[in-house]
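Now for the letters of each chain:
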Amino acid sequence: MTDPFEFLVRGDIGAAVDAVTGLDDQGRRSFADGLVAHVRRRRDNWWWNNEATALAVAAVGCLPTAATAAELLGRRNVSLRGADAGPVVQVARTRGVPWLAELAYRLADRLRRDDPMDGWGFVAELLTAEKAATPTGDQFVEGWLALMAWPPEWQRPIPLVDRLRADVFLDALVPRLFEVDGAGTRMSFDEFMTDEKLALPRALARLAGEGRLDRTMLLDGCVSRLLRGDRPAALRAFVTLHALLEPTASEVDRHRGDYLRLLADAPGSVASMAQKTLRALDGVEVEGLLDASRAVLVRPDKALVRAQLGWLDQLARRHPDRAAEIAEVIATAVDHPAADVRDRAGTLAARHGHVVAPRVVVGAVGDDLPPPAGPLPAPPAITDPDELAEEAASLLGGPTTASGLERVLDAVVRLAGGDRARLKDALIPVLRRHRAGGEEHPWDPCCLCGLLGGVLHAAADPVEGAYGGDGGPRCWRRRVAARRADRRSIHGYPRRTGCCAPGWPRSVTASARPSTPVCSRPRPGQTVPSTRRCCTTA
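Residues numbered from 1 in each chain as written. Predicted model: local features only at pLDDT ≥ 70, side-chain atom pairs only at ≥ 80, totals over all residues. Heavy atoms only, no water.

**With respect to the environment of Asp265**
Tracing the backbone through its elements, the reader meets Asp265 in helix H17 (residues 256-265). Overall, the relative accessible area of 63% leaves Asp265 in the exposed class. With 27 residues separating them along the chain, Asp265 and Ala292 place their C-alpha atoms 8.8 Å apart. (Helix = DSSP H or I, 4+ residues; strand = E, 2+ residues; numbered from the N terminus. Buried < 20%, exposed > 50% of the residue type's maximum accessible area, 1.4 Å probe, protein only.)

**What to know about the environment of Ala67**
Following the sequence through the fold, Ala67 ends up in helix H5 (residues 66-73). Exposure remark for Ala67: the relative accessible area of 31% places this residue in the partly exposed category. Along the backbone, Ala67 and Arg106 are 39 residues apart, and their C-alpha atoms lie at a distance of 7.5 Å.

**Some points on the nonpolar core**
Formed by 125 residues in total, the largest nonpolar core has its most connected members in Trp144 and Leu164. The residues touching Leu164, leaving out its near neighbours within four places in the chain, are Trp144, Met148, Leu170, Leu200, Ala203, Leu204 and Leu207. Judged by nonpolar contacts, the second largest core, of 22 residues, contains Leu395, Leu405, Ile428 and Leu456. (Core = buried A, V, L, I, M, F, W, Y, C linked by side-chain atoms within 4.5 Å. Contact = heavy atoms within 4.5 Å.)

**Some details on the packing of helix H15 (residues 232-245) against helix H18 (residues 268-279)**
One way to put it is that H15 packs onto H18 with a least axis distance of 10 Å and a crossing angle of 15 degrees. In this view, H15 runs roughly parallel relative to H18, as classed from their interaxial angle. Along this stretch, H15 crosses H18, giving a crossing that reads as left-handed. Contacts from Leu235, Val239 and His242 of H15 reach H18 at Val270, Met273 and Thr277. Its residues assigned to classes, the contact of H15 with H18 comprises 4 nonpolar, 2 polar and no charged. (Axes fitted to C-alpha atoms, helices over the stretch in contact; angles between N-to-C directions. Parallel < 35°, antiparallel > 145°, perpendicular 65-115°, else oblique. Left-handed = near helix turned anticlockwise from the far one by under 90°. Nonpolar A, V, L, I, M, F, W, Y, C, P; charged D, E, K, R; others polar.)

**Brief notes about the pattern of salt bridges**
Considering all chains together, one arrives at 33 salt bridges under this definition. Taking the shortest distance from any N to any O, the salt bridge between Asp171 and Arg212 comes out at 2.8 Å. You can see Asp171 sitting in helix H11 (residues 170-173) and its partner Arg212 sitting in the loop between helix H13 (199-210) and helix H14 (215-228), a full 41 residues away along the chain. Judged by its relative accessible area of 48%, Asp171 is partly exposed. Taking the shortest distance from any N to any O, the salt bridge between Glu179 and Arg176 comes out at 2.9 Å. The exposure class of Glu179 is partly exposed, given its relative accessible area of 45%. (Salt bridge = Lys/Arg side-chain N within 4 Å of Asp/Glu carboxyl O.)

**Quick word on the packing of aromatic side chains**
In this structure the tally under the stated criterion is 7 aromatic pairs. A ring pair is formed by Phe5 and Phe31, whose centres lie 5.0 Å apart and whose planes are at 50 degrees; its orientation type is tilted. With Phe5 in the segment before helix H1 (6-10) and Phe31 in helix H3 (residues 25-41), this pair connects stretches of sequence that are 26 residues apart. With a relative accessible area of 12%, Phe31 lands in the buried category. Here Trp120 and Phe169 contribute two aromatic rings whose centre-to-centre distance is 5.7 Å and whose plane-to-plane angle is 75 degrees, an arrangement assigned as edge-to-face. (Phe/Tyr/Trp six-rings, centres within 6.5 Å; stacked < 30°, edge-to-face > 60°.)

**Topic: the confidence of the model for the protein**
Of all residues in the protein, 81% have pLDDT values of 70 or greater, and the mean over the chain is 83. Note that pLDDT drops below 50 for residues 466-473; the model gives that stretch 20 contacts with residues more than four away or on any other chain. In the model, residues 490-534 has pLDDT below 50 throughout and makes 78 contacts with residues more than four positions away in sequence or in other chains. (pLDDT = per-residue confidence, 0-100.)

**Here's the deal with unusual backbone geometry**
Positive phi outside glycine occurs at Asn49, with the angle close to 50 degrees. Not every positive phi belongs to a glycine, and Leu198 is a case in point at roughly 45 degrees. For Leu198, a relative accessible area of 6% gives the class buried.

**Remarks on the environment of Val270**
Counting through the fold element by element, Val270 comes out in helix H18. The spacing of Val270 and Pro232 is 38 residues in sequence and 8.5 Å in space, taken between C-alpha atoms. Not counting chain neighbours up to four residues away, the residues in contact with Val270 comprise Leu226, Leu235, Val239 and Leu262.

**So, the side chain of Arg163**
Relative to the elements of secondary structure, Arg163 occurs in helix H10 (residues 160-165). No salt bridge forms around the buried Arg163; measuring N to O, its nearest opposite-charge neighbour Glu191 is 4.2 Å away. Contact partners of Arg163, with chain neighbours within four places excluded, come to Leu147, Met148, Pro151, Gln155, Ile158 and Glu191. (Lys, Arg positive; Asp, Glu negative; His and termini not counted.)

**Here's the deal with helix H4 (residues 49-62)**
End to end, H4 covers 20 Å across 14 residues, agreeing with the expected 20 Å (1.5 Å per residue, within 8%). Where burial is concerned, most of H4 is hidden: 12 out of the 14 residues are buried. Of the residues making up H4, those classed as buried are Glu51, Ala52, Thr53, Ala54, Leu55, Ala56, Val57, Ala58, Ala59, Val60, Gly61 and Cys62. (Expected span 1.5 Å × (residues − 1).)

**Quick word on the packing of helix H24 (residues 402-415) against helix H26 (residues 449-460)**
One can describe the packing of H24 onto H26 by two numbers: an axis separation of 10 Å at closest approach and a directional angle of 25 degrees. If you check the angle between H24 and H26, you find them roughly parallel. Of the two possible hands of crossing, H24 and H26 adopt the one that is left-handed. Contacts between H24 and H26 involve Leu405, Val408, Leu409 and Val412 from the first element and Leu452, Val455, Leu456 and Ala459 from the second.

**Considerations on H5**
Every buried residue of H5 is accounted for by Ala66, Ala69, Ala70, Leu72 and Leu73. Across the axial projection of H5, the buried residues extend over an arc of 160 degrees, all falling on one side. Those residues of H5 that are buried lie in contact with H3, H4 and helix H7 (100-109). (Arc of directions from axis to C-beta.)

Laid out in structure tokens, this is it:
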């Protein structure tokens, strides 16, 4: 069976017009249900250009209300950027649709915030065809600005001022430029063909000079936008427009209080603009200027503060009867972080009769914290073989500590040259009882167990130490066996990467080869009951 909506898949606009022309009410309702189901079924399809135009023709030709049509055409996978509104208007005229302007308003509200140009031209064509009032929503305003910055190819040779002069939306949307947050960022584009900087503020000022736009509206809009504030980059276009309008003395006087607020609180570029504007005005109220100056002189902007100090200096000379009051305000800047500003403020304040109190320098005189604790006292030396045996048993059967190892090695050096028989009687039972703890672990180059065992064996019995400790024949046999084990580890045996990992018990048989490193490798058939953590320095 042929799909009745095959024309949508092909993007056949003519077939879409024929499909909805001549339908009665029952046929239109049936076609509308099938259209909605078809679009939902193709939710992974991207509707654009001819496909989007055919879909819009079908929607306007069969759907009952503007709300249902806007819901269908406002889906995320429908892009009206390249859609042609001409066939849509034709079908609406043929059917006698009364809600085409309402559809345009609903689609204007659905414009994407991140890309308001997507569908803006389609909406504008519907509004122009219906001669409807201009929508003034934020997205529609931003879409209009985006179109001014990046016009269609056929409009690019036309200067921006000429395009604005002929634009049907100009009078309705220009006042909204001062109300939409962030609009100043989109207003900061350059002329497309000539690369003239900040082309839109220059074009608006030129149109105001021609009388095409209301100059008062533009000036009031600039001041109100600057008072509401925004990001500094977004205010740049309004500062430029304000400068291009060149407000007269009467216009500045009308906004005198607003400029004082901008001088005290606005970002640096805006405050500098307000400062220059007010300085050009004669007869600024002294009280208001002094109140604003108290806020200005503590700002970190050096250029702004230095200019304000110069203005106050002139004001004090012009009003000698209030010089002391002005000098007191000037003295506010003596605590400024910039040294040259502090010096300038002190000089001007003293010139006009204000004595600046010397600055109080606060320095650190000490610390209330207690002094750091010194090193712990060294433990007493081991002087008895029995005590050495106890410490050796603790090291061989438990974690190795730095202080314990130092005491044992110090005692070995002290006692080995004395009563060797008593030393042997004390150490040999310990070494036999902790034989595994005193053996070398050849797979770990950082292990101290074999070295400690060899030292104790050599101190207790040099003959047995030569064969059982580090450096004897048994030691070399163990090293050869370890090298063979390293070669076999390539075929599945584990290779040690760290000595005596904490938490692993030493009671491991040779038949149960661990998959992770353990403390030591027992001999075949041997079970070591100790569960200590070897070579763990505390």
